[in-house]
Amino acid sequence: MNIDFTKSAHGLIPAIIQDSETKNVLMLGYMNAESYQKTLDTKKVTFYSRSKQRLWTKGEESGNFLNLVDIKNDCDNDTLLVQVKPEGPTCHTGADTCWQTQNESNYGFISNLEETIKIRRENADSEKSYVASLFEKGINKIAQKVGEEAIEVVIEAKDDNDHLFLDESADLLFHYLILLQAKGFQLNDVVQVLKSRQK
């Protein structure tokens, strides 16, 4: 990579630290050419500490290392995106991130949908909420709905109507998310099982 360390008077460029799996931003540090090279050599993220005026490997005292996965340079060659696997919390306060947020996987719209299902289950009137009414009917009814939707997906997969296939697929996923919550789980629990099977 052609990294331009000369844009700063002190030869420092920002290094944005991102969890390679959750994609959450964990912290911001600064690197010079020497700390960048040490990061590549050791596979442990090393910064130039402006307060200590020396190279500083994250975790050298706490043991909470940032294990290097990948480094990308931005379009101006003066900012790095460093993807890592963190060992423990990243912030010196003990928080997962320097923004005091939890470093949890988030699946965007799907995670929002899971939260909506949770809220409807806990707070909604079953006469007004389809989700609440399903939970009220119990696990057998929820499991039955998942089975019915799965059959519909199989049927539509054999036809040429992509619109109906996607509609039924959406219904299946929606009811599966409900079933997961009825069993006390979320999609991330299934993702963790899939990750454990990776070879």
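Note that the structure is predicted; figures quoted are calculated from it, not measured.

Parameters and conventions
- Residues numbered from 1 in each chain as written.
- Predicted model: local features only at pLDDT ≥ 70, side-chain atom pairs only at ≥ 80, totals over all residues.
- Heavy atoms only, no water.
- Domains from an automatic or database assignment.
- Pairing = 2+ DSSP bridges.
- Helix = DSSP H or I, 4+ residues; strand = E, 2+ residues; numbered from the N terminus.
- Axes fitted to C-alpha atoms, helices over the stretch in contact; angles between N-to-C directions.
- Contact = heavy atoms within 4.5 Å.
- Phe/Tyr/Trp six-rings, centres within 6.5 Å; stacked < 30°, edge-to-face > 60°.
- Buried < 20%, exposed > 50% of the residue type's maximum accessible area, 1.4 Å probe, protein only.
- Core = buried A, V, L, I, M, F, W, Y, C linked by side-chain atoms within 4.5 Å.
- Expected span 1.5 Å × (residues − 1).
- Arc of directions from axis to C-beta.
- UniProt positions renumbered as here; feature names shortened; annotations may be inferred.
- Left-handed = near helix turned anticlockwise from the far one by under 90°.
- Nonpolar A, V, L, I, M, F, W, Y, C, P; charged D, E, K, R; others polar.

### Things to note about the domain arrangement of the protein
According to the domain assignment, the protein consists of domain 1 (9-86) and domain 2 (109-197). Taken over C-alpha atoms, the centre of domain 1 sits 40 Å from the centre of domain 2.

### A few points about the sheet that holds strand β1 (residues 13-19)
The sheet built from 4 strands is open, its strands ordered β2-β1-β6-β5 with mixed pairing. Every other strand in the sheet has two partners, leaving β2 (25-31) and β5 (66-73) as the edge strands with one partner each. On average, adjacent strands in this sheet sit at an angle of 30° to one another, irrespective of strand direction. With 5 bridges joining them, β1 and strand β6 (residues 80-86) adopt parallel strand pairing. Along β6, the bridge assignment pairs Gln18 with Gln83. In this fold helix α1 (residues 33-42) packs onto β2, β5 and β6, with an angle of close to 125° to the strand it touches most, β5.

### Notes on the packing of aromatic side chains
Aromatic ring pairs are defined here through the distance separating the ring centres and the angle between the ring planes. Considering all chains together, one arrives at 2 aromatic pairs under this definition. Ring centres of Phe5 and Tyr36 lie 6.3 Å apart, and the angle between their planes is 55°; this geometry places the pair in the tilted category. With Phe5 in the segment before β1 and Tyr36 in helix α1, this residue pair connects regions lying 31 residues apart in the sequence. You'll find Phe5 and Tyr36 in the same group, each marked buried.

### Some details on the nonpolar core
Within soluble globular proteins, side chains that are nonpolar generally end up buried alongside one another. Judged by nonpolar contacts, the single largest core of 17 residues is most densely connected at Ile17, Met31, Val45, Phe47, Leu66, Leu80 and Val82. For this core, the elements supplying multiple residues, two or more each, are β1, β2, β5 and β6. Each residue touching Phe47, except ones within four places of it in the same chain, is listed here: Ala15, Ile17, Met27, Gly29, Tyr30, Met31, Ser35, Arg54, Leu55, Trp56, Lys58 and Leu66. Residues Ile110, Leu113, Leu187 and Val191 belong to the second largest nonpolar core, which totals 14 residues.

### Considering helix α4 (residues 139-157)
Taking 1.5 Å of rise per residue, 19 residues should cover 27 Å, and α4 covers 27 Å from first to last C-alpha, within 8% of that figure. Three or more residues of α4 are buried, namely Ile142, Lys145, Val146, Glu149, Val153 and Glu156. Here the buried residues of α4 occupy an arc of 100° about the axis, which is enough to place them on one side. More than 90 degrees from the buried face of α4, the exposed residues found are Asn140 and Ile151.

### Overview of the UniProt feature "domain: Phosphoribosyl-AMP cyclohydrolase" (unreviewed entry) in the protein
UniProt feature "domain: Phosphoribosyl-AMP cyclohydrolase" (unreviewed entry): in the numbering of this structure it lies at residues 27-100. Taken end to end, residues 27-100 is 14% helix and 38% strand, and its first and last C-alpha atoms sit 10 Å apart.

### Re the pairing of β5
Where a strand is regular, its side chains alternate between the two sheet faces. Pairing between β5 and β6: 7 bridges, direction antiparallel. Each residue of the ladder has a partner; that of Leu66, found in β6, is Pro86.

### Here's the deal with unusual backbone geometry
Despite not being glycine, Gln53 has its phi angle at roughly 55°, a positive value. Relative to the elements of secondary structure, Gln53 occurs in the loop between β3 (46-49) and β4 (54-57). On the basis of relative accessible area, Gln53 is assigned to the exposed category, the value being 54%. We note that Gln100 has phi near 60°; this positive angle belongs to a residue other than glycine. Within the secondary structure, Gln100 sits in the loop between β6 and α2 (109-123).

### Regarding the packing of α2 against helix α3 (residues 130-137)
Look at α2 against α3: their axes get within 8 Å of each other, and the N-to-C directions meet at 65°. The hand of the α2/α3 crossing is right-handed. Contacts between α2 and α3 pair Ile117, Arg120 and Arg121 from the former with Val131, Ala132 and Phe135 from the latter. For the contact of α2 with α3, the class distribution of residues is 4 nonpolar, no polar and 2 charged.

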